Structures are given as structure tokens and as C-alpha cells.
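Residues per chain, in single letters:
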Amino acid sequence: MGLVVQKFGGTSVGDAERIRAVADHVARTRRGGDQVVVVVSAMGKSTDDLLRLADDVSPVRPPRELDMLLTAGERISMALVCMALAGRGVEAASFTGSQAGIITDADHTRAKILEMRPTRIQEALDAGLTPVVAGFQGVSTTRDITTLGRGGSDVTAVALAAALGADVCEIYTDVTGVFSADPRVVARAKRLNKVSFDEMMEMAATGGRVLMLRSVEFARRHGVPLHVRSSFTWEPGTWIVEEEPTMEDAVVSAVTDDTSEAKITVGGVPDHPGVAARLFRELAERGINLDMIVQNTSENGLTDISFTVATTDVDDARTACEAVREELGAAKVTADTGIGRVSIVGAGMKSNPGVTALMFETLSNKGINIEMISTSSIRISCVVRADRVEDAVIALHTAFGLDAVAS
Ligand code: ADP
Ligand code: ASP
Ligand code: MG
């Protein structure tokens, strides 16, 4: 008998019929002899609906209260899934993140897990029950309810799988696995049978939202086998594995897109040692995560520093820059929300020259201007105008030979 963690995303529990289908699948897995711990997201787009409701009620949304509000979404799903399981003769019990022993820091809306104490989940399993855990939530060391950041149910699932020593963590979603590009953007994207942890982390960090980045990091650190698959067809999907070179030995395995970032530019900054340090210290102290950073060559002793941040952090980032602008002697701070990022990811890139040239040529042939560039050993990202991202992804997917052959 094995132990399987099965996580169901928003679409997978989107309505009563979907919830019944999930319960059928869990019951089937139980009958196959495995123990199951279920992790659920909020139904459909209900987290977005709750956020909109908060916006309508007040422009001031204390993060503690926002977390209390958002965690309600997952509570609804977990209770309904338990009812559907009961209707199928599977004895189940629901648990909030707090009840499941998910202890986090107190950084509301993006809390990090500090410790897992899943005693009640283990007791439920030992008693022959199927625990159903609310994803995306925990309890802080100061005993407040927290959330783990958007897409955080993936983290809940992986953290439980690690803490309980599960044989596999299955992430059920609305596509049949991890694809060579977002299948909603690139019609000819292919499903990948295997993806390495390194590649999956780069994909998750650059827009491939099928798995939340932190869940992939967590899975790798704790050696949790991850299997991304469909809750509509139930067919085998994509395994995330510790393996190199990757599946199909392609130079580039996937193309990702991301339009959730904005660019901030601090213009006319004196080019002295310590200026960037002061600016980025200010941003760090306000808990703002940066992504790409570019500093132009200086002219007449002045330079521009640009960086990208999540659009949700753009106001805070701007305020932080304004706070140190005079001290730095900078001329102005501007924000550009019309940017997008397109990236190519592939472990095979390390040993293949010419990848960068082909990426730039492909974008240039489409008349797409590159505004910023960043690289890692297995990724190249370019910032372009947001309205050209889709064209860029489709063109790069073809240029790197990833298009599925029409059948
Ligand atoms: P869930 O609610 O199940 O967590 P998400 O919406 O978070 O689902 O993630 C699944 C979505 O991720 C898919 O519907 C798909 O549009 C998107 N996606 C983006 N990039 C990829 C990719 N490379 N492979 C598969 N899906 C991707
Ligand atoms: N419901 C949360 C969200 O929409 C968490 C999740 O689905 O993973 O971000
Ligand atoms: Mg998700």
C-alpha cells in the first residue's frame, strides 16, 4: 500500500459535477489500495472573485484580513469534496491549513512554510480516513491565518507529501501535463513526458504557471516525485524528475511567456559606487522581489537603472524609489506596465552555441524589439512589448523545432 497526495486545482473542483468527478477518482485510488491525502484549491475563479469583492468594499485591505477572506475559498471546496466522498462510501475529513499543521512566517499574502506538523493528518490516515486539506493556507507563528501566495495550493501539496513521506505528489489540473509552451497560447505545443527540476524551476519562474515555483523548489529539496496530470482525462501526464539531459534531448524544451511584470526605471542617476546598493537595499527592506536588472552605460557621469517587478508590487516599488531619489541625486522614476517577457528554457542549451543568436534573429524577423535581456545557464529571457509576447512565443516555438507534427 502506497501513499499518494492528490492536489486538485480550481478548475478541477469548479462546479458540483467536477467535484463529483474528483471524488470518483479519489475513491478509485482508494479501491486500488493506496492511501490518499487530498489537497484542494478554491472553486474555479473564486479567489479572484473574493479579491474583487475586497476591492469593491475598501481601498484599504489589511493583509491579515485579506488572508482571512481568501482562505474561505478553499474551505468551501474541502467540505464539498468530503461530502462527495461520503456519498461514495469513502470516509473523509476536512482540515484547514492550520489544522493540518502548516506553520508559516507572518508575511501575509505570501507566507513561507517554516515547519510542518501534520499530526492530525497522520492520525486520520491511521484511522483509515481520507484527509482533505485546504490548499494555499497556513497559520503563522503569531497564530494568524496566512496564505502562501497565488497558486500556493501546489506548495501545500508538496509540503504534505514531503512531511508524510508520500510516494508521489499528483498535481491534477485542466491540461494534460507540462507542455512545450502554454497550450492556450501555442496551439501546436506538445506535452512533455519528463521535465527536469532545473527546467521546471526556470519555466515556473518565467510564466509557466502550471506549477508554482516554490512547490518545484520544495519538491526538489525534499526529493518528492511530482506528476502533473489532467483531472478531465485522468491520463498519465508529465513527471518532474532529477535528470539530465532532458526528455527528447531537445536544445530548447519550452518557451514561456509572462505579462505579469512591470518595468521601473530610475533615470539620471550619478554613476558612483554605492548608488545601486542603496537603491536595492531600500527595495529589499520593503520586501519587494526584483527580477531583471539593467544598468545602462553612463553618459556624462549619469546612468539609468531599470528593473522588473510583479505588477502587484509596482506601486510599492515606485514609492521605494521615490523615497531615495533625492538622496541618490536621481532625476526621475518611471513605471512601464506595458512590458512582457518571453523566455526559452532547455538544459541542452548549455552545450549548444547559437541558441541566443537564433532567439534574437527570430524576434528581429518578426519586427519585435528587445528591451532587456537576462540569462541563466539554461534560460534566455527577453523583455518585449506586452502586445508582442504572443507573436514572439509562437515564432520561437516554431524556430526551435518544438511544434507538434499535425496528425
Ligand atoms: P490550477 O488551477 O489547476 O492550479 P493553473 O491555472 O494554476 O491551474 O495552471 C494550469 C494552467 O497553466 C493551464 O491551464 C495552462 O494554460 C497554463 N500553462 C502555462 N504554461 C504552461 C505549460 N508550459 N504547460 C502547461 N500549462 C501551462
Ligand atoms: N486559490 C488560490 C489561488 O487562486 C491558490 C491555488 O489555487 O493554488 O491562487
Ligand atoms: Mg495553479
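Just above sits the structure.
## Let's talk about the overall build of the chain
Moving on, step 1. Along its length, the chain carries 11 helices and 20 strands.
Moving on, step 2. By the compact-globule yardstick of 22 Å for 407 residues, the chain fits well, its C-alpha radius of gyration being 23 Å.
Moving on, step 3. Along the three orthogonal principal directions, the C-alpha set of the chain runs to about 75 × 55 × 35 Å.
Moving on, step 4. Excluding contacts between residues fewer than 6 apart, the proportion of contacts in the chain whose partners are at least 24 apart in sequence is 74%.

## Let's talk about the site of ligand 2
Moving on, step 1. Around ligand 2, the neighbouring residues are Ser-41, Ala-42, Thr-47, Glu-74, Phe-136, Arg-150, Gly-151, Gly-152 and Ser-153.
Moving on, step 2. Measuring from an oxygen atom of ligand 2, one finds a backbone N or O atom of Gly-151 at 2.9 Å.
Moving on, step 3. Between ligand 2 and the protein, one listed contact pairs an oxygen atom with a backbone N or O atom of Ser-153 at 3.0 Å.
Moving on, step 4. Expressed as a share of its isolated accessible area of 260 Å², the protein-covered part of ligand 2 is 87%.
Moving on, step 5. Among the residues making up the shell around ligand 2, the classes are represented as 2 nonpolar, 5 polar and 2 charged.

## Some thoughts on the pattern of salt bridges
Moving on, step 1. The tally for this structure, following the rule as stated, stands at 27 salt bridges.
Moving on, step 2. Between Asp-48 and Arg-150 there is a salt bridge; the shortest N-O distance is 3.1 Å. Placement of Asp-48 in helix α2 (residues 46–57) and of Arg-150 in the loop between β8 (145–147) and α5 (153–164) is noted, with a sequence separation of 102 residues between them.
Moving on, step 3. By relative accessible area, which is 47% here, Arg-150 ends up partly exposed.
Moving on, step 4. Its salt-bridge partner being Arg-325, residue Glu-322 comes within 3.1 Å of it at the nearest N-O pair. On the criterion of helical spacing, the pair formed by Glu-322 and Arg-325 is a turn pair, its members being 3 residues apart in helix α9 (residues 314–328).
Moving on, step 5. Residue Glu-322 is classed as partly exposed on the basis of its relative accessible area of 38%.

## Section: the nonpolar core
One recurring pattern in soluble globular proteins: nonpolar side chains tend to sit buried together.
Moving on, step 1. Counting residues in each nonpolar core, the largest one holds 45 residues, and the members touching the most others are Val-37, Cys-169, Leu-226 and Ile-240.
Moving on, step 2. Tallying contributions element by element places α5 first for this core, with 7 residues.
Moving on, step 3. The contact partners of Ile-240, leaving out residues within four places of it in the chain, are Val-178, Val-195, Ser-196, Phe-197, Met-200, Leu-211, Leu-226 and Val-228.
Moving on, step 4. Ala-181, Ile-368, Cys-382 and Leu-396 belong to the second largest nonpolar core, which has 24 residues in total.

## Some words on the layout of surface pockets
Moving on, step 1. Of the volumes computed, that of the second largest pocket is approximately 190 Å³.
Moving on, step 2. Taken together, 14 residues make up the lining of the second largest pocket; nearest its centre are Ile-113, Val-155, Phe-218, Arg-221 and His-222.
Moving on, step 3. Elements with a minimum of two residues in the lining of the second largest pocket: β5 (113–116), α5 and α7 (213–222).

## Thoughts on the site of ligand 1
Moving on, step 1. Around ligand 1 lies a shell of 18 residues, among which Thr-173, Asp-174, Asp-182, Arg-184 and Arg-209 are the nearest.
Moving on, step 2. Backbone polar atom of Gly-10 to an oxygen atom of ligand 1: 3.1 Å apart, as the coordinates give it.
Moving on, step 3. Alone, ligand 1 offers 570 Å² of accessible surface; in the complex the protein occludes 90% of this.
Moving on, step 4. When the residues that make up the shell around ligand 1 are grouped by side-chain class, the tally is 8 nonpolar, 5 polar and 5 charged.

## Quick notes on the packing of aromatic side chains
Moving on, step 1. Taken as a whole and judged by the stated rule, the model has 4 aromatic pairs.
Moving on, step 2. Ring centres 4.9 Å apart and planes at 15° place the aromatic pair Phe-8 and Tyr-172 in the stacked group. Here Phe-8, found in strand β1 (residues 3–8), pairs with Tyr-172, found in strand β9 (residues 168–173); they are 164 residues apart in sequence, far enough to count as distant. The two residues Phe-8 and Tyr-172 agree in class, both being buried.
Moving on, step 3. Ring centres of Phe-280 and Phe-307 lie 5.7 Å apart, and the angle between their planes is 75°; on these two criteria the pair is classed as edge-to-face. In this pair, Phe-280 is assigned in helix α8 (residues 275–285) and Phe-307 in strand β16 (residues 302–310), connecting sequence segments 27 residues apart.

## Describing the state of the cysteines
Moving on, step 1. Taken as a whole, this structure holds 0 disulfides when the rule is applied.
Moving on, step 2. Unpaired in terms of disulfides, Cys-82 finds its nearest cysteine sulfur in Cys-169, a separation of 18 Å.
Moving on, step 3. Given a relative accessible area of 10%, Cys-82 falls into the buried group.

Rules of the game
Residues numbered from 1 in each chain as written. Chains lettered and ligands numbered in written order. Predicted model: local features only at pLDDT ≥ 70, side-chain atom pairs only at ≥ 80, totals over all residues. Heavy atoms only, no water. Helix = DSSP H or I, 4+ residues; strand = E, 2+ residues; numbered from the N terminus. Rg over C-alpha atoms; globule rule 2.2 N^0.38 Å. Contact = heavy atoms within 4.5 Å. Near = heavy atom within 4 Å. Polar contact = N/O pair within 3.5 Å; in protein donor to acceptor, adjacent residues only side chain to side chain. Areas by Shrake-Rupley, 256 points an atom, 1.4 Å probe, with all protein chains shown as cover. Nonpolar A, V, L, I, M, F, W, Y, C, P; charged D, E, K, R; others polar. Salt bridge = Lys/Arg side-chain N within 4 Å of Asp/Glu carboxyl O. Buried < 20%, exposed > 50% of the residue type's maximum accessible area, 1.4 Å probe, protein only. Core = buried A, V, L, I, M, F, W, Y, C linked by side-chain atoms within 4.5 Å. 1 Å grid on protein atoms, 1.4 Å probe; cavity = no way out; pocket = protein on both sides within 12 Å on 5 of 7 lines; lining within 4 Å. Points joined across faces, edges and corners; volume = space filled by probe spheres on them. Phe/Tyr/Trp six-rings, centres within 6.5 Å; stacked < 30°, edge-to-face > 60°. Disulfide = S-S within 2.5 Å.

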